[in-house]
Amino acid sequence: MRQVTVTEHLLLHQKESPMATGRFTSMLNELILAAKIISREVNKAGLVDVLGLTGEVNVQGEAVRKLDDYANDILIYRMERAGVLCAIASEENADVIEIPENMPQGDYILIFDPLDGSSNIDANVNVGTIFSIYRRKSNCKCGATLADVLQKGADQVAAGYFLYGTSTMMVYSTGRGVHGFTMDPSVGEFLLSHPDIKTPGTGKIYSVNEAYWIYWDEATREAVSYFKSTDNSRGKPYSQRYIGSLVADFHRNLLYGGIFLYPADMQDPKKPRGKLRLMCEANPLAFLIEQAGGKATDGEIDILQIEPSELHQRVPLFIGSRNDVDKVMEIYRKHKK
Ligand code: AHM
Ligand code: MG
């Protein structure tokens, strides 16, 4: 087998990087193992219904749980034992998860969305795990606090996602390009399949839940109209694609070029700042898109420059090909005047 595995890639590619420590590699390996377990369960998801195992207890006598809870539990269990973290934060947990006192601690902080798009699972639609890694800034050997976790996206040391789709993929960056790996199930390894991904400067796809048009402000409506009209830089409408799994919509647009929009739904009292979370969704994807030559903004400022004030804060998100994101920002600026 001559293909490059993730660990090999990390070691080769990051030789001069501070990330080339055994500790970072072992953290990533632990994350990969958790993702392989989640992938296995996601692949079995259809069988659960077919075989009628949806009762409280499955044939092994284990309780059948929702897959997003399962993914969350696996990630927490494995990662708190990795010996390199001082804190974990998950989309599914209200507060920062401390590393138990009897476990070895490190200075990395891991934030994740365990199963993004999980409402799509029963329809066999792609879902994924999104992750973001920081280093603790304070020197204290004590447990990390919320203040340690609330760092801006630009301070991430690595980010990525696992996509459970037609194949299982891992896409990650440590700030030296974006690299994609595809799982070869016959050997159980992620093999380098998409080295140094660059996203096109201008895309041909826009992805938004247009049903919320009624809730949008004029700037958002004008931005979406731009992508639908013939009066844009392409001289023809973009294609509209929306899966409803951020990680899958992002992955497709990363490869083909395009823009994903989840604006503030101004008129919807439930989503005045949109739906997506800064820390576990927007920041890691913004880190990746910038590394791939694209851009991410909340309409005004770069996502990576936003100082977080709470763990689960929501943020409007416009992310993708640089020229398309710039166009949205230009329209927003015009409307602010
Ligand atoms: P989730 O984290 O509860 O799965 O919600 C986030 C998901 C994203 O994956 C997706 O982009 C978005 O919700 C879709 O929301 P909507 O149905 O409002 O378009
Ligand atoms: Mg999500």
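Conventions we followed
- Residues numbered from 1 in each chain as written.
- Chains lettered and ligands numbered in written order.
- Predicted model: local features only at pLDDT ≥ 70, side-chain atom pairs only at ≥ 80, totals over all residues.
- Heavy atoms only, no water.
- Helix = DSSP H or I, 4+ residues; strand = E, 2+ residues; numbered from the N terminus.
- Rg over C-alpha atoms; globule rule 2.2 N^0.38 Å.
- Buried < 20%, exposed > 50% of the residue type's maximum accessible area, 1.4 Å probe, protein only.
- Contact = heavy atoms within 4.5 Å.
- Areas by Shrake-Rupley, 256 points an atom, 1.4 Å probe, with all protein chains shown as cover.
- Lys, Arg positive; Asp, Glu negative; His and termini not counted.
- Charge placed at Lys NZ, Arg CZ, Asp CG, Glu CD.
- Near = heavy atom within 4 Å.
- Polar contact = N/O pair within 3.5 Å; in protein donor to acceptor, adjacent residues only side chain to side chain.
- 1 Å grid on protein atoms, 1.4 Å probe; cavity = no way out; pocket = protein on both sides within 12 Å on 5 of 7 lines; lining within 4 Å.
- Sits in = over half its atoms within 2 Å of the grid points.
- Nonpolar A, V, L, I, M, F, W, Y, C, P; charged D, E, K, R; others polar.
- Domains from an automatic or database assignment.
- Points joined across faces, edges and corners; volume = space filled by probe spheres on them.
- Pairing = 2+ DSSP bridges.
- Axes fitted to C-alpha atoms, helices over the stretch in contact; angles between N-to-C directions.
- Donors = N, O, S within 2.8 Å, 3.2 Å for Na, K, Ca; no water.
- Left-handed = near helix turned anticlockwise from the far one by under 90°.
- Expected span 1.5 Å × (residues − 1).
- Parallel < 35°, antiparallel > 145°, perpendicular 65-115°, else oblique.

## Re the overall build of the protein
Then comes step 1: Helix and strand counts for the protein stand at eight helices and 13 strands.
Then comes step 2: Its C-alpha radius of gyration of 20 Å places the protein within 12% of the 20 Å reference for a compact globule of 337 residues.
Then comes step 3: The dimensions of the protein, computed from C-alpha atoms along their principal axes, are 60 × 50 × 45 Å.
Then comes step 4: Relative to its 337 residues, the protein shows a buried fraction of 53%.
Then comes step 5: Counting contacts in the protein only where the partners sit at least 6 residues apart, residues at least 24 apart contribute 63% of the total.
Then comes step 6: Just so you have it, the protein exposes about 15,200 Å², and 49% of that area is on carbon and sulfur atoms.
Then comes step 7: For the protein, the distance from the average site of its 37 positive side-chain charges to the average site of its 43 negative ones is 5 Å.

## So, the site of ligand 1
Then comes step 1: With respect to spatial proximity, 16 residues lie near ligand 1, and among them N209, Y212, Y242, L246 and Y262 are the closest.
Then comes step 2: A distance of 2.8 Å is found between an oxygen atom of ligand 1 and a side-chain nitrogen or oxygen belonging to K275.
Then comes step 3: If you map ligand 1 onto the pockets, it falls in the second largest pocket.
Then comes step 4: Secondary structure elements with two or more residues in the shell around ligand 1: strand 3 (108-116) and strand 11 (259-262).
Then comes step 5: When the residues that make up the shell around ligand 1 are grouped by side-chain class, the tally is five nonpolar, five polar and six charged.
Then comes step 6: Both of domain 1 (6-194) and domain 2 (205-336) provide at least three residues apiece to the shell around ligand 1.

## A closer look at the layout of surface pockets
Then comes step 1: Estimated volume of the second largest pocket: approximately 340 Å³.
Then comes step 2: Taken together, 21 residues make up the lining of the second largest pocket; nearest its centre are D116, G117, G244, K275 and E281.
Then comes step 3: Top element by residues in the lining of the second largest pocket is strand 3. It accounts for three residues.
Then comes step 4: Of the residues assigned to the lining of the second largest pocket, the class counts are seven nonpolar, six polar and eight charged.
Then comes step 5: When residues of the lining of the second largest pocket are assigned to domains, at least three fall in each of domain 1 (6-194) and domain 2 (205-336).

## Some remarks on the sheet that holds strand 2 (residues 97-98)
Then comes step 1: The eight strands are arranged 2-1-3-4-5-6-7-8 in an open sheet whose pairing can be described as mixed. On the outer flanks of this sheet lie strand 2 and strand 8 (189-194), each paired with one strand and no other.
Then comes step 2: Sheet strands in contact with helix 6 (residues 246-256) are strand 3, strand 4 (127-135), strand 5 (158-164), strand 6 (168-173) and strand 8, and its direction is about 105° off that of strand 5.
Then comes step 3: Where helix 7 (residues 278-291) meets the sheet, it contacts strand 3, strand 4, strand 5 and strand 6, and its direction lies at approximately 80° from that of strand 4.

## Re the coordination of the magnesium ion (ligand 2)
Then comes step 1: Taken together, the protein donors to the magnesium ion (ligand 2) comprise D113 (OD), D116 (OD) and E281 (OE), at separations of 1.9 to 2.2 Å.
Then comes step 2: For the magnesium ion (ligand 2), the donor residues sit on a single chain with the sequence spacing D-x2-D-x164-E. Of this pair, D113 sits in strand 3 while E281 sits in helix 7, and the two are 168 residues apart along the sequence.
Then comes step 3: When its relative accessible area of 2% is taken as the criterion, E281 is described as buried.

## Observations concerning the packing of helix 5 (residues 218-228) against helix 8 (residues 322-336)
Then comes step 1: As a packed pair, helix 5 and helix 8 sit with axes 9 Å apart at the nearest point and diverge in direction by 145°. Between helix 5 and helix 8 the crossing geometry is right-handed. Only D324, K327, V328, I331, Y332, K334 and H335 of helix 8 make contact with helix 5, whose side of the interface consists of E218, A219, T220, E222, A223, Y226 and F227.
Then comes step 2: Grouping the constituent residues of the contact of helix 5 with helix 8 by class yields seven nonpolar, two polar and five charged.

## Looking at helix 3 (residues 67-80)
Then comes step 1: With 14 residues, helix 3 extends 20 Å from end C-alpha to end C-alpha; this agrees with the ideal 20 Å at 1.5 Å per step.
Then comes step 2: Of all 14 residues that make up helix 3, ten are buried, and the element is covered over most of its length.
Then comes step 3: Taken residue by residue, helix 3 has L67, D68, Y70, A71, N72, I74, L75, I76, M79 and E80 as its buried positions.

## Looking at the sheet that holds strand 13 (residues 317-320)
Then comes step 1: Ordered in space as 10-9-11-13-12, the five strands form an open sheet in which the pairing is mixed. Strands at the two margins of the open sheet, each flanked by one partner only, are strand 10 (239-240) and strand 12 (295-297).
Then comes step 2: Pairing of strand 11 with strand 13 involves four bridges; the strand directions are antiparallel. Note that in strand 13 the partner of F260 across the bridge is I319.
Then comes step 3: Taken strand by strand, helix 6 contacts strand 9 (205-207), strand 11 and strand 13, and its axis lies near 165° from that of strand 9.
Then comes step 4: The strands that helix 7 touches are strand 12 and strand 13; relative to strand 13, the one it contacts most, it runs at about 30°.

## Some thoughts on the packing of helix 6 against helix 7
Then comes step 1: Where helix 6 meets helix 7, the closest approach of the two axes is 12 Å, and the angle between their N-to-C directions is 10°. Classified by the angle between their axes, helix 6 and helix 7 sit roughly parallel to one another. Note on element contacts: helix 7 touches helix 6 through E281, L285, L288 and I289, opposite L246, F250 and L254.
Then comes step 2: Across the contact of helix 6 with helix 7, the residue classes break down as six nonpolar, no polar and one charged.

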